Amino acid sequence: MRASENIIVNMMTSKEIRQTFLEFFRLKQHTIVPSAPLVIKDDPTLMFTNAGMNQFKDIFLGNKIQFSSRVADTQKCLRVSGKHNDLEEVGIDTYHHTMFEMLGNWSFGDPSSSDGIGNGYFKKEAIAWSWELLTEVFMIPVERLYVTVFEGDEKENLPRDEEAFSSWKKLVSVDRIIFSNKKDNFWEMGETGPCGPCSEIHVDARDDDARKDINGRDLVNKGDPEVIEIWNLVFMQFNRLVNGSLQQLPARHVDTGMGFERLTRVMQQKRSNYETDIFHPLIEFIEQKSGINYGADEKTDIAMRVMSDHIRAIAFAIADGQIPSNTGAGYVIRRILRRAVRYYYSFLNIHSPVLHDMVAILSDQFENVFPEIKSQQVYVARVIEEEENSFLKTLESGLKRIALLEKDLIHNDILKGKTAFELYDTFGFPIDLTRLIAQEKNWTIDEIGFYEELEKQKSRSRRAAEVVSSDWTELKKVDKIEFAGYDLLETKSSVVKYRRQNAKDREIFQLVLDRTPFYPESGGQVGDKGKIIFGKEEVEVLDTKKENDLIIHFLNKFPELLSTADLRESSEVIATINRSYRFNTMANHTATHLLHAALRNVLGDHVQQKGSLVAPDHLRFDFSHFSKIAAHELESIEMLVNEKIRQNILREVQIMPVGEAVKSGARALFGEKYGEQVRVVTFDKNFSRELCGGTHVPATGMIGYFKIVSESAVAAGIRRIEAITGITSETLIRQNFDSIENLKREFGNDPEKGIAQLKDENTRLKKQVEEFSSVQLNQLKKELKSRIENIHGVNFIAAEVSVSSPDALKKLAYDLRNETDNLFFAAGAAIDNRAHLCIIISDQLVKEKTLDAAQIIRDISREINGGGGGQKFFATAGGTNVKGIQTALKQAKLKLSK
């Protein structure tokens, strides 16, 4: 679609497009809700929000009562793993993204009378309103639009969607309606969960000449970059069960999603999403940094698209609480970041961190729609910069490793699959980067071997993490699961549903009660333990977790009564939590709040919580701070917390609207999704006031005593404090006093003086040992010099020696090198039951005879079942086979003889 054609009458900025969408549905009686965080914390089936419907999943399943029948929003989404995986396509084409905005409108429930204000609606209204918005408000010409409808599926006994077809016929000619198969027109969130037929709206953005040559209808869902889907209307009717069958949902719902970036491209008449004002500021920045214009070359264009897309995913994920790491969701973010780095390094000739400077652009762009970037701009940028620096070093190491492959690992110019996998696994090189480097060197890659190694790793990971759940067996329908544990430690309850789950070859039983005192793991607080009594049978609760809005109890065995008719009729049980476990956890949770407040008091208002663990025996608190905390600051923090404990401040709990809570000064955590009503926990309104769903002691004095046990770095800009309270801190104090008494018994009443004398004695003895070792080394050196063998003008020495440490072996080698011309010294030693080798070569020999100690040591170290490396003039190796030392030294001599 060329700008000169001017097919859109009212050209809009991206901000205007977003606001127009939300305002349109506001006038259709929809409640506008904020985006859920990008990082999902209470759904084990997802790492990230990958669709607008994720936050409403429990409403679709009937586990939660909707707060409004009609809802609209713009949702941050990330698709880089699982069923929806677009990562390798991002940047290559012009319309896939990792992080993107999904404009959506929802209806929860489909009452028979759907025209009342605030009531739910279904296909007729969803279709009519989508067409109205696109053609009458956004003024997209009808002749450029096509719609698809589900054609049905005989295998699943699913009929053709006549209801949707009938609604579309009233709005658009039949030749613009396309019946499509289940792959394109039956939407599923994953392997299980809510699903249903859908109707897509596609736009033909080609120029007039192209449209005359080929009918746009023939290009729908065919991968054409200019005939693209912009809106998907999903009609949620089913729930996909574990066994693959479909079950009718309790009510029918509408779930629509329109790609904001694609819509903006159409509205701004661009050939690419990346040419819109959403990405233009980022592209312009990259052009300035690289000195390369966008559009000059396809390879550099791809690199710029990758960078401008990936920085959005990285920054929003970090702002929502997910820092890059080596596991889980953190690894996904690290992988995205590294993909961006290797593109700017390889194609844009940028060899220093640059992504972190792009955070400021995002901060300005999204200040009024997603303010979390603006409020954490410095922190997010620092984390990204540290990750960039780290990977740039790794990237250079990997490139050096590749430089050695020509000698070691290339056979007939083919790079082994196992080596390509090592580059991927150890250095973070995706296969496409290795492929690129190989092409530059005219190598080919054994990609079959690479993918075999990759599949082996994935199989190992799957086996380690595989969890197989059966479908829920439902005994009772309830509107809401009640957590009664704020006030009660024991409740009479009814069983709502149960299921079996296999994880790591172990069977676990999960149970949901209509009312429970068990706190489910969330907000950093561990789940309660305890017992559930089924008649006369007592079953242990090993853990309690939250899955969306379900509180799930993990049992150590399957209760026999669950299979009886008596329980199915009454399903009444007694649920009792472990009191000491809960009390100690509450004490640590309250201490965490006090610690958070104390940190801000002592270090400054920049401190923000970035993670926590609240267990019965200790607490862990991660927070934003960019330097090590000084000893005197830690002391002040600890003293302040204990002062608040001694004041025995009473707990105050209030339930209020989230907006009112934030205005009152309550601290909210970034990356948390809060409901309309929130729980505010206060311990002195002028000190600690936080939004928190966890359990707390009635008064701070019940904590007892607070003791910091460690302070450390977790990641760039994130520090961690670990601490203990109550009985655990008392035990530590008692142990420390016992240690002091033991020292007094050993050193008298002044143990410090005794320890100082012991250290002096130790220093004196070490010096004597060093002097003795030096005498030994000098004697050994004389003996070795007497055994010099001249080979082709080289003074060669090879010997297995007896030394006390690897450092002594190194000193011996350097002393000989300094005193002997044209030296080639190969030595081995057995130290602490390990084999050690070293080779040192005079500089002149390295030049004249092109000898390489590092290469030689790598070759001969195989004999000791080890490996090593170093420089051309000096290299070392270590291994487990002491008996191989002599053979390794003989091989070193052979290297010289060639």
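Refer to the preceding data block for the structure.
Residues numbered from 1 in each chain as written. Predicted model: local features only at pLDDT ≥ 70, side-chain atom pairs only at ≥ 80, totals over all residues. Heavy atoms only, no water.

Student: I'm lost on the sheet that holds strand β31 (residues 718-725) in this one. Help?
Tutor: Think of a sheet as strands paired side by side through backbone hydrogen bonds, with each pair either parallel or antiparallel. With antiparallel pairing, 4 strands are arranged side by side in an open sheet as β25-β26-β31-β30. For this open sheet the edge positions go to β25 (609-614) and β30 (706-715), each flanked by a neighbour on one side alone. Taking each pair of neighbouring strands and ignoring which way they run, the sheet shows an average axis angle of 15°. Two elements, β25 and strand β26 (residues 619-624), share 5 bridges in a ladder whose sense is antiparallel. Paired with Q609 across the strands is F623, a residue of β26. Contacts between helix α19 (residues 579-603) and the sheet are confined to β25, β26, β30 and β31, with β26 contributing the most and set at about 30° to the helix. Along the sheet, helix α20 (residues 631-646) contacts β30 and β31; its crossing angle with β30, the most-contacted strand, is approximately 135°. (Pairing = 2+ DSSP bridges. Helix = DSSP H or I, 4+ residues; strand = E, 2+ residues; numbered from the N terminus. Axes fitted to C-alpha atoms, helices over the stretch in contact; angles between N-to-C directions. Contact = heavy atoms within 4.5 Å.)

Student: What exactly am I supposed to notice about the sheet that holds strand β35 (residues 834-841) here?
Tutor: The sheet built from 6 strands is open, its strands ordered β32-β33-β34-β35-β37-β36 with mixed pairing. Two strands lie at the open edges of the sheet, namely β32 (789-791) and β36 (866-870), each paired on one side alone. Across the sheet, the axes of successive neighbouring strands diverge by a mean angle of 20°, strand direction being ignored. Contacting β34 (823-831), β35 and β37 (874-879), helix α24 (residues 806-819) crosses the sheet at an angle of about 20° to β35. Sheet contacts for helix α26 (residues 853-860): β34, β35, β36 and β37; angle to β35, the most-contacted strand, approximately 150°.

Student: For this particular structure, what's the right way to read the pairing of β37?
Tutor: Along a regular strand, successive side chains alternate from one face of the sheet to the other. Here β37 lies mainly inside the structure; 5 of its 6 residues are buried. In terms of strand pairing, β35 meets β37 through 6 bridges, oriented antiparallel. Across the sheet, H836 pairs through a bridge with G878, a residue of β37. Note that β36 and β37 share 5 bridges and pair antiparallel. From the neighbouring strand, G866 faces β37, where its bridge partner is G879. Between β36 and β37, which follow one another and run antiparallel, lie 3 residues. (Buried < 20%, exposed > 50% of the residue type's maximum accessible area, 1.4 Å probe, protein only.)

Student: What should I look at first to understand a nonpolar patch on the surface in this one?
Tutor: A grouping of Y705, I733, F737 and I740 is seen on the molecular surface, where their side chains present a nonpolar patch of about 350 Å² in accessible area. With respect to the secondary-structure elements, I733 resides in helix α22 (residues 726-747). (Patch = residues over 30% accessible without salt bridge, like charges linked within 9 Å, V, L, I, M, F, W, Y side chains within 5 Å. Areas by Shrake-Rupley, 256 points an atom, 1.4 Å probe, with all protein chains shown as cover. Salt bridge = Lys/Arg side-chain N within 4 Å of Asp/Glu carboxyl O.)

Student: I would appreciate a short explanation of the packing of aromatic side chains in the present structure.
Tutor: The geometry of an aromatic ring pair is captured by two quantities: the separation of the ring centres and the angle between the planes. In the structure shown here, the tally under the stated rule is 24 aromatic pairs. Consider the rings of F24 and F25, whose centres lie 5.0 Å apart with planes at 85°: the pair is edge-to-face. According to the relative accessible area criterion, F24 is buried, its value standing at 7%. Relative accessible area serves as the criterion here: at 0%, F25 is assigned to the buried category. Through successive ring pairs, a cluster of aromatic residues spans F21, F24, F25 and W231. Between the NZ or CZ atom of R500 and the centre of the ring of F558, over which it lies, the distance is 4.1 Å. If you follow K644 out to its NZ or CZ, it ends over the ring of F687, 4.7 Å from the centre. (Phe/Tyr/Trp six-rings, centres within 6.5 Å; stacked < 30°, edge-to-face > 60°. Lys NZ or Arg CZ within 6 Å of the ring centre and 35° of its normal.)

Student: Just checking my understanding: could you explain the packing of helix α9 (residues 298-319) against helix α10 (residues 328-347) for this structure?
Tutor: How two helices pack is summed up by the angle between their axes together with the distance between the axes. Across the interface, α9 lies against α10 with an axial gap of 9 Å and an inter-helix angle of 150°. One finds that α9 runs roughly antiparallel with respect to α10. Of the two elements, α9 crosses α10, and the hand of that crossing is left-handed. Along the contact surface, α9 presents K299, T300, I302, A303, V306, M307, H310, A313, I314 and A317, while α10 presents I333, I336, L337, R339, A340, Y343, Y344 and F347. Across the contact of α9 with α10, the residue classes break down as 14 nonpolar, 2 polar and 2 charged. (Parallel < 35°, antiparallel > 145°, perpendicular 65-115°, else oblique. Left-handed = near helix turned anticlockwise from the far one by under 90°. Nonpolar A, V, L, I, M, F, W, Y, C, P; charged D, E, K, R; others polar.)

Student: Would you mind going over helix α1 (residues 14-26) with me for this structure?
Tutor: Because each turn of an α-helix spans 3.6 residues, side chains separated by three or four positions in sequence point in the same direction. The terminal C-alpha atoms of α1, which comprises 13 residues, lie 18 Å apart, in line with the 18 Å expected from a rise of 1.5 Å per residue. All buried positions along α1 are accounted for by S14, I17, R18, F21, L22, F24 and F25. An end-on view of α1 places all buried positions within 160° of arc, on one side of the element. (Expected span 1.5 Å × (residues − 1). Arc of directions from axis to C-beta.)

Student: It is not clear to me how the pairing of strand β19 (residues 506-513) should be interpreted in this structure. Could you clarify?
Tutor: Burial analysis of β19 places 6 of its 8 residues in the buried class, which makes it a mostly covered element. As paired strands, β19 and strand β23 (residues 550-555) are joined by 3 bridges and run antiparallel to one another. Its bridge partner being in β23, F509 is matched across the sheet by L555.

Student: I'm lost on the packing of α1 against helix α7 (residues 260-267) in this one. Help?
Tutor: Put simply, α1 and α7 touch, their axes get as near as 10 Å, and they point 115° apart. Crossing hand, α1 versus α7: right-handed. For the pair formed by α1 and α7, the contact residues are S14, I17 and R18 on the first element and F260, L263, T264 and M267 on the second. Counted by class, the contact of α1 with α7 contains 4 nonpolar, 2 polar and 1 charged residues.

Student: Quick question: what am I supposed to make of unusual backbone geometry here?
Tutor: Where the residue is not glycine, phi is negative for most of them; where a peptide bond is considered, it is trans in most cases. The backbone phi angle of N822 is positive, close to 50°, even though this residue is not glycine. Assignment of secondary structure puts N822 in the loop between α24 and β34. For N822, a relative accessible area of 24% translates into the label partly exposed. Positive phi values are uncommon outside glycine, yet N865 reaches one of about 55°. Note on placement: N865 falls in the loop between α26 and β36. On the accessibility criterion, N865 (52% relative accessible area) is exposed.

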